[in-house]
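# Structural features, examined
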Amino acid sequence: MDLEETLLPGVGVRYELEVDSGQLLGIVVPREGGAEISVYDRRDPDRARGVFRLSPEQADAVAEVLGAPRLTQRFADLSKEVPGLESARIPVRPGSPFDGKALGDTRARTLTGCSIVAIVRDADVVPSPGPEDPLHAGDVLVAIGSATGLEQLERRLSGQG
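Reference entry: report on the structure contained in this document. Here the structure is a predicted model, which is why all the values come from computation and not from measurement. (Residues numbered from 1 in each chain as written. Predicted model: local features only at pLDDT ≥ 70, side-chain atom pairs only at ≥ 80, totals over all residues. Heavy atoms only, no water.)

### So, the sheet that holds strand E2 (residues 12–18)
Each strand in a sheet pairs with its neighbour through backbone hydrogen bonds, running either in the same direction (parallel) or in the opposite one (antiparallel). The strand order E1-E2-E3-E4-E5 describes an open sheet built from five strands, whose pairing is antiparallel. Bordering the open sheet on either side are strand E1 (3–8) and strand E5 (48–54), each of which pairs with just one other strand. Each adjacent strand pair in this sheet contributes to an overall mean axis angle of 15°, direction not counted. Summarising the sheet, E1 and E2 pair through six bridges and their orientation is antiparallel. When the bridges of E2 are listed, Leu8 appears paired with Gly12. (Pairing = 2+ DSSP bridges. Helix = DSSP H or I, 4+ residues; strand = E, 2+ residues; numbered from the N terminus. Axes fitted to C-alpha atoms, helices over the stretch in contact; angles between N-to-C directions.)

### With respect to the pattern of salt bridges
Tallied over the full model, the rule gives three salt bridges. Notably, a salt bridge pairs Glu16 with Arg14, separated by 3.5 Å at the nearest N-O pair. Exposure remark for Glu16: the relative accessible area of 19% places this residue in the buried category. A salt bridge links Asp139 to Arg121; the nearest nitrogen and oxygen atoms lie 2.7 Å apart. Residue Asp139 is located in the loop between strand E8 (124–127) and strand E9 (140–145), and its partner Arg121 is located in strand E7 (residues 115–121); the two are separated by 18 residues in the primary sequence. For Asp139, a relative accessible area of 1% gives the class buried. The exposure class of Arg121 is partly exposed, given its relative accessible area of 24%. (Salt bridge = Lys/Arg side-chain N within 4 Å of Asp/Glu carboxyl O. Buried < 20%, exposed > 50% of the residue type's maximum accessible area, 1.4 Å probe, protein only.)

### Here's the deal with the nonpolar core
One recurring pattern in soluble globular proteins is that nonpolar side chains are buried together. Counting 14 residues, the largest nonpolar core has Ile90, Ile116, Leu135, Leu141, Ala143, Leu153 and Leu157 as its most contacted members. Counting residues per element, this core draws most heavily on helix H4 (residues 147–158), which supplies three residues. What Ile90 contacts, discounting residues up to four positions off in sequence, is Asp139, Val140, Leu141, Ala143, Leu150, Leu153, Glu154 and Leu157. (Core = buried A, V, L, I, M, F, W, Y, C linked by side-chain atoms within 4.5 Å. Contact = heavy atoms within 4.5 Å.)

Quick look at the structure:
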């Protein structure tokens, strides 16, 4: 399977995938959220046979159904557009001092400058979690920040910082 990714400066990211039936599926993920999903005519790849426009909330719901990789990819793509900004997936390991605590207890933004943009828990995704959202061992935090800040956050979550 070949998923083609094209950065659209100032717009977002376009993904294209040829599915098993030979049809070309296109997904544009704008920087402000949401998505446009198109199926292109096999004989004329410049002509969309149909377009679905999803609000940010609808796109998040679809991402939750499909799993965390898409949400994580959106932030990885954003980090390509903004120099000095990176994204990471940081696990909450068993024994973490934050296992069973609220996200706000990590003081991630205050102490590391990083923002937690999602919590991945098994097959579920909590996009834009609030400070009251609980953390559990096995969760994976999707964070954006500087490389140094992300390293500090990972150490903090493991109890070393």
